[in-house]
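Take a look at the letters that make up each chain.
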Amino acid sequence: MRTELESKKKPYEITELTLHSDVRGFLYEAFRFTSQSIPKGGQVYIYSMEPGARRGDHFHIEKSEWVICVSGRVRLLLKTEQDEKVSKELDGRKPELIFLAPRTSHALMNESKDIAIIIAYSSEEFHPDHPDTYFAKAD
């Protein structure tokens, strides 16, 4: 079920994250539940995308999602209920948090020659008997 906070959000939002780097590597704060107004009680999941793979092409009616490409590069495709379309490259070296509101169709495509790794948070845990996932091309 959408929270009041989620209902007031835009169909999507892209937030540049601050990357902290030194000789040891890098760090960035991915999901700041309070300051980024992300509701608690959902689930985090991680997936890979082989070169040429496409995932998504669906929307949710109840769930919101937050997505970050943490390694490699992918193309994000979005289509809102108002038929606004977005195509944007996500790069693990330039972290951005992507908010996907309910009813925003979304897909990721790995157009590179390298595996990409995505970390995501869904506002609700996955329930096989009620997946809340509806097919809709994002482009």
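What you see is a predicted model; the values in this text were computed from it and never measured.

In the predicted model, the protein chain carries a mean pLDDT of 93, and the fraction of residues at 70 or more is 94%. Predicted confidence for residues 1-7 stays below pLDDT 50, and this span has 13 contacts to residues more than four positions away or in other chains.

Moving on: the side chain of histidine 58. Examined against the element boundaries, histidine 58 turns out to sit in strand β5 (residues 54-59). There is a polar contact of 3.3 Å between the side chain of histidine 58 and the side chain of histidine 60. Discounting chain neighbours no more than four positions away, the residues touching histidine 58 are Glu65, Thr104, Ser105, His106, Thr133, Tyr134, Phe135 and Ala136.

On to the pairing of strand β9 (residues 96-100). Most of β9 is tucked away: five of the five residues are buried. Pairing of strand β1 (residues 12-16) with β9 involves five bridges; the strand directions are antiparallel. Its bridge partner being in β9, threonine 15 is matched across the sheet by leucine 97. Of the pairings in the sheet, the one linking strand β6 (residues 65-71) to β9 comprises three bridges and is antiparallel in character. Counted as the bridge partner of glutamate 65 is leucine 100 from β9.

With that settled, consider the sheet that holds strand β10 (residues 105-109). Taking strand neighbours across the sheet as the criterion, the five strands line up as β8-β7-β10-β5-β12 in an open arrangement whose pairing is antiparallel. In this open sheet, the two edge strands, each paired with only one partner strand, are β8 (85-91) and β12 (134-135). Pairing of strand β7 (residues 73-79) with β8 involves seven bridges; the strand directions are antiparallel. Looking across to β8, one finds that arginine 75 is bridged to glutamate 89.

This structure, assessed with the given rule, holds nine salt bridges. Across the pair glutamate 111 and arginine 75 runs a salt bridge, and its minimum N-O distance is 3.2 Å. In this pair, glutamate 111 sits in the loop between β10 and β11 (116-122) while arginine 75 sits in strand β7, placing the two residues 36 residues apart along the sequence. The residue glutamate 96 makes a salt bridge to lysine 88 at a minimum N-O spacing of 3.2 Å. Sharing partners across several salt bridges, the network here consists of Arg54, Asp57, Lys137 and Asp139.

Enumeration according to the criterion identifies seven aromatic pairs in this entry. For the pair phenylalanine 26 and tyrosine 28, a centre-to-centre distance of 6.0 Å together with 0° between the ring planes defines the contact as stacked. Aromatic pair phenylalanine 33 and tyrosine 121: ring centres 5.1 Å apart, planes at 85°, arrangement edge-to-face. With phenylalanine 33 in the loop between β3 (25-27) and β4 (43-49) and tyrosine 121 in strand β11, this residue pair connects regions lying 88 residues apart in the sequence. Accessibility expressed as a relative area gives 27% for phenylalanine 33, which makes it partly exposed. Here the aromatic residues Phe31, Phe33, Trp66, Phe99 and Tyr121 are joined through ring pairs into a cluster of three or more.

On to the sheet that holds β4. Strands sit in the order β1-β9-β6-β11-β4 across an open sheet of five strands; the sheet is antiparallel. Unpaired on one side and paired on the other, β1 and β4 mark the two borders of the sheet. Ignoring which end each strand starts from, the neighbouring axes of this sheet average 20° apart. Sheet topology places β4 next to β11; seven bridges connect them, and they run antiparallel. Its bridge partner being in β11, tyrosine 45 is matched across the sheet by alanine 120.

Here is what the cut-offs are and how they apply
- Residues numbered from 1 in each chain as written.
- Predicted model: local features only at pLDDT ≥ 70, side-chain atom pairs only at ≥ 80, totals over all residues.
- Heavy atoms only, no water.
- pLDDT = per-residue confidence, 0-100.
- Contact = heavy atoms within 4.5 Å.
- Helix = DSSP H or I, 4+ residues; strand = E, 2+ residues; numbered from the N terminus.
- Polar contact = N/O pair within 3.5 Å; in protein donor to acceptor, adjacent residues only side chain to side chain.
- Buried < 20%, exposed > 50% of the residue type's maximum accessible area, 1.4 Å probe, protein only.
- Pairing = 2+ DSSP bridges.
- Salt bridge = Lys/Arg side-chain N within 4 Å of Asp/Glu carboxyl O.
- Phe/Tyr/Trp six-rings, centres within 6.5 Å; stacked < 30°, edge-to-face > 60°.
- Axes fitted to C-alpha atoms, helices over the stretch in contact; angles between N-to-C directions.

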